[in-house]
Amino acid sequence: VGWSTARTPNENEEWLNLADDAVCHDVEMVDLHSNKVIGISTDCFSDIEPDSGGGAGFTGTTFLNFPDGTIVAQGNFTAQPALRETTTIDGVPITAVTGAAREGNSFIGEWGRFENSSGNVRVSGMVNTAEYAFMPGDSLYFDCIFEIQLFDEGANGSDTSEMM
């Protein structure tokens, strides 16, 4: 949750070979129950296809960086203008709603606790795109919920089939 400034992919994201139009954002991940910061999420948007209605479709690649491991997931995103006036609990006006999903295993990289795991990440969110055009330097507000489902055993041998 929070504001982020778009940037080009850095050396940690180059292995993805993202399209030339890729922009990335770093934002804190906050546990919904404790309201504590539990890591940093990096979202990289690429293959951006604006539509005539003010929305866009794009590939979303998300690094979910937890203290004990990282999941990199990829899915198809859609962002569409909000049809009704919507404001976050913090008073930020929402201009678009967004969501992403992918059938089956959406993990394309995993390290630490999540090494050798597979799973799926689904995203539902609200954003403020008032100053955003998918360009480096643009400002974007995120208020998104990530649902992470782990399918199998991780490297530690324990059953990690869980919802996070």
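All values reported here derive from a predicted model rather than from experimental measurement. Throughout, residues of each chain are indexed from 1 in the direction in which the sequence is written. Where local features are concerned, this predicted model is filtered to residues with pLDDT of at least 70; where side-chain atom pairs are given and counted, the filter is 80 or more; whole-chain, interface and lining totals use all residues. The side-chain numbers reported here are obtained from all heavy atoms of the structure, hydrogens and water having been left aside.

(A) Broad picture of the overall build of the protein chain. Per the convention used, a helix needs a DSSP run of H or I reaching at least four residues, while a strand needs a run of E reaching at least two, with both numbered from the N terminus. Regarding its fold elements, the protein chain presents 0 helices and 10 strands. Moving toward the C terminus, one meets the helices and strands of the protein chain in the order β-β-β-β-β-β-β-β-β-β. A radius of gyration in this sense is built from C-alpha atoms; the matching globule rule multiplies 2.2 Å by the number of residues raised to 0.38. The C-alpha radius of gyration of the protein chain comes to 16 Å, within 12% of the 15 Å expected for a compact globule of 164 residues. In the protein chain, 51% of the contacts between residues at least 6 apart in sequence involve partners at least 24 apart. A residue counts as positive if it is Lys or Arg and as negative if it is Asp or Glu; His and the chain ends are not included. Every charge is mapped to an atom, namely NZ of Lys, CZ of Arg, CG of Asp or CD of Glu. Computing the positive centroid from 6 side-chain charges and the negative centroid from 26, the protein chain places the two 7 Å apart. It only takes one pair of heavy atoms within 4.5 Å for two residues to be counted as in contact.

(B) Molecular detail of the nonpolar core. One finds Phe 45, Phe 58, Leu 64, Val 121, Phe 134 and Ile 148 to be the most contacted residues of the largest nonpolar core, which totals 28 residues. Put simply, the parts of the chain that give this core at least two residues each are β2 (23–30), β3 (37–50), β4 (56–66), β5 (69–87), β6 (93–101), β8 (119–128) and β9 (139–150). Top element by residues in this core is β9. It accounts for 6 residues. If we ignore the near neighbours within four places in the chain, the residues touching Leu 64 are Met 29, Ile 40, Ser 41, Gly 69, Thr 70, Ile 71, Val 121, Phe 146 and Ile 148. Grouped together as the second largest cluster of nonpolar side chains are 7 residues, Ala 22, Cys 24, Phe 63 and Val 72 included. As used in this record, nonpolar core signifies buried Ala, Val, Leu, Ile, Met, Phe, Trp, Tyr and Cys residues forming a set joined through side-chain atoms within 4.5 Å. With a 1.4 Å probe rolled over the protein chains alone, any residue whose accessible area is under 20% of its type maximum counts as buried; one over 50% counts as exposed, and the rest are partly exposed.

(C) Main features of the state of the cysteines. Only a pair of cysteine sulfur atoms within 2.5 Å counts as a disulfide in this structure description. Per the counting criterion, the structure on display carries 1 disulfide. Disulfide pairing places Cys 24 opposite Cys 44 at an S-S distance of 2.2 Å. Taking the torsion about the sulfur-sulfur bond, which here is approximately 105°, the covalent link between Cys 24 and Cys 44 counts as right-handed. Taken as a pair, Cys 24 in strand β2 and Cys 44 in strand β3 lie far apart in primary sequence, 20 residues in all. Cys 44 shares its class with Cys 24; the two are buried. Free of any disulfide, Cys 144 has its nearest neighbouring cysteine sulfur in Cys 44, separated by 14 Å. For Cys 144, a relative accessible area of 18% translates into the label buried.

(D) Looking closely at the packing of aromatic side chains. Classification of ring pairs rests on two measures: the distance between centres of Phe, Tyr or Trp rings, Trp counted by its six-membered ring, which must be within 6.5 Å, and the angle between planes, read as stacked under 30 degrees, edge-to-face over 60 and tilted in between. Applying the stated criterion across every chain yields a total of 9 aromatic pairs. Ring geometry for Phe 58 and Phe 134: centres 5.4 Å apart, planes at 65°, overall edge-to-face. Within this pair, whereas Phe 58 is found in strand β4, its partner Phe 134 is found in the loop between β8 and β9, the two being separated by 76 residues in sequence. In textbook terms, an aromatic cluster arises when at least three aromatic residues are bridged by ring pairs, as seen for Phe 45, Phe 58, Phe 77, Tyr 132, Phe 134 and Phe 142.

(E) Representation of the side chain of Thr 61 in the model. Considering the arrangement of structural elements, one finds Thr 61 in strand β4. At 2.7 Å, the side chain of Thr 61 forms a polar contact with the side chain of Gln 74. By the criterion applied in these results, polar contacts are pairs of N or O atoms within 3.5 Å in which, for protein atoms, one can donate a hydrogen and the other can accept it, and in which residues neighboring in sequence qualify only through two side-chain atoms.

(F) Just the environment of Val 27, in detail. Inspection of the secondary structure assignment puts Val 27 in strand β2. Val 27 gets classed as buried once you look at its relative accessible area, which sits at 9%. It is 9.2 Å that separates the C-alpha atoms of Val 27 and Tyr 141, two residues lying 114 residues apart in sequence. Ignoring sequence-local partners within four residues, the contact set of Val 27 consists of Val 1, Gly 2, Gly 39, Ile 40 and Ser 41.

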